[in-house]
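A look at the structure
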Amino acid sequence: MKVFLLGGGGREHALGWKLAQSDKVTELYFLPGNAGTSELGLNIEGNPADAEAVLQKAEEYKPGLIVVGPEAPLFEGIVDRLEAEGFCVFGPNRKAAMLEQEKTFAKEFLNRHEIPTAFFKAFSEVAAARRYIEGRDSALVVKASGPASGKGVIVCDAPQEALAAVDQMMVERKFGKAGEQVVIEERLEGEELSVLVLTDGERFVEFPASQDHKPIGEGDTGQNTGGMGAYAPAPLADSALKERIRNQIIRPVLAGLTKDGLQYRGVLYIGLMITPDGPKVLEFNCRFGDPETQPLMLLMDEDLLPLLLDTAKGTLAQTRSVAARQGSSVCVVAASQGYPGSYQKGFEIILDKADNENLVCFHAGTTVKDGKLITSGGRVLGVTAFASDLREAKMRAYERLVGKRVYFEGIYFRGDIADKGIRRLDGKV
Ligand code: AMP
Ligand code: GLY
């Protein structure tokens, strides 16, 4: 079967790498892809969120499955458009993708179905938002309700900061239209967990729970990024917690979707805070996580294609966990100096090509120019290793980076990816 993958980041390289191992996949196409994906199949130029352009390419190549990687095409209703033309598409339709697109929509959904989440209020008027903050003395989080590429969330320590955040969003319009409405939430304490399930709306297939590292600095300090590294399985998610998440979160979410008449077929990423009162939903993403997907693909021990097809067609046979290798996987993101602020592109990348099933350098912001591999984005590579235990997997990933077998000018990476999990295994949490 021919498979079309929309997107061009580390997530898409990892999905493509896994799909390329399927004996049922005959050809892979990426739109637009990156230098890494060009080794797995054909990169097609274009904007994955331009439905008409994608449709034109789909009609030309006739894939048996189209997999949507990033969120922007979902928000544009690409699934509805391609399905209307008879294509089999992995990803939720536009209405269901509102769970990620609009935070007020997600929060109202959670409250309506009594699913644990932070207490919140939504505001469309700046004066009302200010009055609300002035009347509270607890720590708050201010969020632009609309899509802001993960940057529209400001976690505040003091009311003064929350007032400044509201001004940035509603007066200065830092996030444009996305900040016309804001969500103000109570600030939750705990550790975060990423739970990804493939679902056809009824049954679900669970990936091992993972943890992302969003801030740029070690010890989770500094500005938020798209994610500086991830690992799985997260020891935080023991079998009791996993069962609690299934019963209190996943099942009620799927029942809520059905009750609201939303047909959800795709991967649902549930961002959780594990608080002293139990798991609470922070956010939904309607796509695979980046960089969580990179370690998950190395862990996965079954063919990805039939799972994606069954999800897209609504024919998942049963609720279960993804078959996974015994062990752990760690992805360390190598970024350009200056990211998530401004950074230079175009540096030559040194990359030893000794990839194998236990160590893969997934490409994100890479391209080929004049026959040379060069940097073309903020997050450049995700060095991902699998080993029989977490400590070993971390060591294997860092070996490549520290030994400069993966290198470019201005390379930056956090040195503490997976330490949270290692501390827990050591009984230090
Ligand atoms: P979101 O995009 O809503 O997941 O928010 C991005 C990040 O902000 C999350 O991964 C958390 O680190 C943090 N965050 C969001 N909401 C809260 C909250 N209610 N309490 C504490 N931290 C939060
Ligand atoms: N890793 C966070 C995200 O994919 O949104």
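Before reading further, recall that the structure is shown in the block above.
In this text, all values refer to a predicted model and were calculated from it rather than measured experimentally. (Residues numbered from 1 in each chain as written. Chains lettered and ligands numbered in written order. Predicted model: local features only at pLDDT ≥ 70, side-chain atom pairs only at ≥ 80, totals over all residues. Heavy atoms only, no water.)

Once that is clear, we can look at the site of ligand 2. The full set of residues close to ligand 2 is D212, K214, G226, Y269, N285, R287, G289, D290, P291 and E292. R287 places a side-chain nitrogen or oxygen 2.9 Å from an oxygen atom of ligand 2. Within the side chain of E292, a nitrogen or oxygen atom sits 2.7 Å from a nitrogen atom of ligand 2. Relative to its unbound accessible area of 200 Å², ligand 2 is 89% covered by the protein chains. When the residues that make up the shell around ligand 2 are grouped by side-chain class, the tally is 2 nonpolar, 3 polar and 5 charged. (Near = heavy atom within 4 Å. Polar contact = N/O pair within 3.5 Å; in protein donor to acceptor, adjacent residues only side chain to side chain. Areas by Shrake-Rupley, 256 points an atom, 1.4 Å probe, with all protein chains shown as cover. Nonpolar A, V, L, I, M, F, W, Y, C, P; charged D, E, K, R; others polar.)

Where helix α1 (residues 10-19) meets helix α11 (residues 304-313), the axes come as close as 8 Å, and the angle between the chain directions of the two elements is 110 degrees. One element, α1, and the other, α11, form an angle in the roughly perpendicular class. Each of L15, K18 and L19 in α1 lies in contact with α11, whose residues at this interface are L304, L305 and L308. A per-class count over the contact of α1 with α11 returns 5 nonpolar, no polar and 1 charged. (Axes fitted to C-alpha atoms, helices over the stretch in contact; angles between N-to-C directions. Helix = DSSP H or I, 4+ residues; strand = E, 2+ residues; numbered from the N terminus. Parallel < 35°, antiparallel > 145°, perpendicular 65-115°, else oblique. Contact = heavy atoms within 4.5 Å.)

Lining the immediate surroundings of ligand 1 are 15 residues, of which K143, E185, L188, E192 and E283 lie closest. The contact in question runs from a nitrogen atom of ligand 1 to an N or O atom on the backbone of E186, over 3.0 Å. One nitrogen or oxygen atom from the side chain of E283 is found 3.2 Å from an oxygen atom belonging to ligand 1. Protein burial of ligand 1: of its 470 Å² of free accessible surface, 92% is covered by the chains. Sorting the residues of the shell around ligand 1 by element identifies β7 (140-144), β8 (153-155), β9 (182-186) and β17 (278-285) as the ones contributing at least two each. Within the shell around ligand 1, the residues separate by chemical class into 7 nonpolar, no polar and 8 charged.

Our next topic: the nonpolar core. Counting 77 residues, the largest nonpolar core has L193, L272 and F284 as its most contacted members. For F284, the residues in contact, after removing those within four places along its chain, are L99, E100, A106, F109, L110, V253, L268, Y269 and I270. Core analysis: the second largest hydrophobic core is formed by 37 residues, V3, A14, L299 and M300 among them. (Core = buried A, V, L, I, M, F, W, Y, C linked by side-chain atoms within 4.5 Å. Buried < 20%, exposed > 50% of the residue type's maximum accessible area, 1.4 Å probe, protein only.)

Here we come to the pattern of salt bridges. In total, this model carries 32 salt bridges according to the counting rule given. The residue R130 makes a salt bridge to D167 at a minimum N-O spacing of 2.6 Å. Here the residue R130 occupies a position in helix α7 (residues 126-134), and D167 occupies one in helix α8 (residues 159-171), the gap between them amounting to 37 residues. Note that R246 and E206 form a salt bridge whose closest N and O atoms lie 2.6 Å from each other. Taken together, the residues span a long stretch of sequence, with R246 in helix α9 (residues 239-259) and E206 in strand β11 (residues 204-206) at a distance of 40 residues. (Salt bridge = Lys/Arg side-chain N within 4 Å of Asp/Glu carboxyl O.)

Of the two faces of strand β4 (residues 65-68), the one lined by L65 and V67 and the one lined by I66 and V68 are each fully buried. Bridge count between β4 and strand β5 (residues 89-90): 2 bridges; the pairing is parallel. Note on β5: the bridge partner recorded for I66 is V89. (Pairing = 2+ DSSP bridges.)

At their nearest, the axes of α7 and α8 sit 10 Å apart, and the two run at 170 degrees to each other. The pairing of α7 with α8 is recorded here as roughly antiparallel in orientation. Contacts between α7 and α8 involve V126, A129, R130, I133 and E134 on the former and, on the latter, P159, A162, L163, V166, D167, M170 and V171. For the contact of α7 with α8, a count of residues per class yields 9 nonpolar, no polar and 3 charged.

Moving on: the side chain of N34. Position of N34 among the secondary structure elements: in the loop between β2 (27-32) and β3 (42-43). A polar side-chain atom of N34 sits 3.4 Å from the main-chain carbonyl oxygen of A364. Beyond its immediate sequence surroundings of up to four residues, N34 is in contact with G8, G9, H13, N43, H363, A364 and T366.

Read from one edge to the other, the open sheet built from 5 strands follows the order β17-β16-β10-β11-β18, with strand pairing classed as mixed. In this open sheet, the two edge strands, each paired with only one partner strand, are β17 and β18 (320-321). Here 7 bridges tie strand β16 (residues 266-275) to β17, and the two strands are oriented antiparallel to one another. Bridging from a neighbouring strand, L272 pairs with V281 of β17. With respect to the sheet, α9 is in contact with β10 (191-199), β11, β16 and β17, its orientation differing from that of β17 by roughly 45 degrees. Most of the contacts of α11 go to β10, to which it runs at about 75 degrees, and overall it touches β10, β11, β16 and β18.

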